[in-house]
Amino acid sequence: MTKSTRSNLVITATFLGAFILTSIPAPSWAEQFRPDWVALVLIYWCLATPERVGVGLGWFAGLMLDVLYGSILGQQAMAKALMAFIVVKLHLRIRVYPRWQQALAVGVLLVINQLIVLWIKGVMGLSPETLTYWTGTIVGVIIWPWLFVILRDIRRRARISV
């Protein structure tokens, strides 16, 4: 197995793990605290390997989320593609931030993602969300430092270079 194939398998496996974490049923009270796992993994890989993971993979992952959620086709795809574009453009800046500043930058990216989804829902005439809509974003910011360390360790063990 070549190094490139192994790297692609590891990246695919982390995205698959994010999709599994997204689709695992949770109690109704805990559902609002679920972070956007796919967005967090997408942000990590766009930061770590922007030449491999970018807008195209962001769009595809968002499209798969649209299918998984049964939402308007293209809603998550557009949000994830735009988020990936921003991360790829700013990856050199975000990577040098301390972990807590990275978490704040990730928070801004997650808010942008949520705002795009909210905007599309509004354009389609769907009901506006309550404040609990934003709790997943807050949880994503809180878990980012640990998720970053876990994914970085996976990347290093697989010897996926920048």
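Residues numbered from 1 in each chain as written. Predicted model: local features only at pLDDT ≥ 70, side-chain atom pairs only at ≥ 80, totals over all residues. Heavy atoms only, no water.

## A word on the overall build of the protein
Then, number 1: Of the regular secondary structure elements, the protein holds seven helices and zero strands.
Then, number 2: Ordered by position from the N terminus, the helices and strands of the protein form the series α-α-α-α-α-α-α.
Then, number 3: By the compact-globule yardstick of 15 Å for 162 residues, the protein fits well, its C-alpha radius of gyration being 15 Å.
Then, number 4: Taking all contacts inside the protein whose residues are at least 6 apart in sequence as the whole, residues at least 24 apart take part in 70%. (Helix = DSSP H or I, 4+ residues; strand = E, 2+ residues; numbered from the N terminus. Rg over C-alpha atoms; globule rule 2.2 N^0.38 Å. Contact = heavy atoms within 4.5 Å.)

## Quick look at the environment of leucine 151
Then, number 1: Its location among the elements puts leucine 151 in helix H7 (residues 135-157).
Then, number 2: Considering only alpha carbons, one finds leucine 151 and leucine 73, 78 residues apart in sequence, at a separation of 29 Å.
Then, number 3: Once residues within four sequence positions are removed from consideration, leucine 151 is found in contact with Thr14, Val41 and Tyr44.

## Notes on the pattern of salt bridges
Then, number 1: This model, assessed by the stated rule, comprises three salt bridges.
Then, number 2: The salt bridge involving lysine 80 is made with aspartate 36; its shortest N-O contact spans 2.8 Å. A residue pair is termed long-range when its members are at least 10 positions apart, and lysine 80 in helix H5 (residues 75-95) and aspartate 36 in the loop between helix H2 (28-31) and helix H3 (37-48) qualify at 44 residues. Taken individually, lysine 80 and aspartate 36 each receive the classification buried, so the pair is uniform in this respect.
Then, number 3: Taking the shortest distance from any N to any O, the salt bridge between aspartate 153 and arginine 157 comes out at 2.9 Å. (Salt bridge = Lys/Arg side-chain N within 4 Å of Asp/Glu carboxyl O. Buried < 20%, exposed > 50% of the residue type's maximum accessible area, 1.4 Å probe, protein only.)

## Topic: the side chain of threonine 135
Then, number 1: Tracing the backbone through its elements, the reader meets threonine 135 in helix H7.
Then, number 2: Taking relative accessible area as the criterion, threonine 135 reaches 17% and is therefore assigned buried.
Then, number 3: A polar side-chain atom of threonine 135 sits 2.4 Å from the main-chain carbonyl oxygen of glutamine 32.
Then, number 4: Every residue in contact with threonine 135, bar those within four places of it in the chain, is listed here: Gln32 and Phe33. (Polar contact = N/O pair within 3.5 Å; in protein donor to acceptor, adjacent residues only side chain to side chain.)

## Describing unusual backbone geometry
Then, number 1: The residue arginine 159 is not glycine, and still its phi comes out positive at about 55°.
Then, number 2: Secondary-structure assignment places arginine 159 in the segment after H7.
Then, number 3: Residue class for arginine 159 comes out exposed when judged on its relative accessible area of 59%.

## Re H7
Then, number 1: Across its 23 residues, H7 extends 33 Å between first and last C-alpha, which sits within 8% of the 33 Å expected from 1.5 Å per residue.
Then, number 2: Taking the largest bend as the criterion, H7 deviates by roughly 50°, centred on tryptophan 144, and proline proline 145 comes between one and four positions later.
Then, number 3: Inspection of H7 places Thr135, Gly136, Thr137, Val139, Gly140, Ile143, Trp144, Leu147, Phe148, Leu151 and Arg155 among the buried residues, and these make up the whole buried set.
Then, number 4: Check the buried side of H7 and you find it contacts helix H1 (3-23), H3 and helix H6 (99-123).
Then, number 5: One or two residues past the end of H7 sits arginine 159, with phi positive at roughly 55°. (Expected span 1.5 Å × (residues − 1). Bend = angle between axes of the 7 residues up to and from the residue.)

The analysis is restricted to geometry; functional conclusions fall outside its scope.
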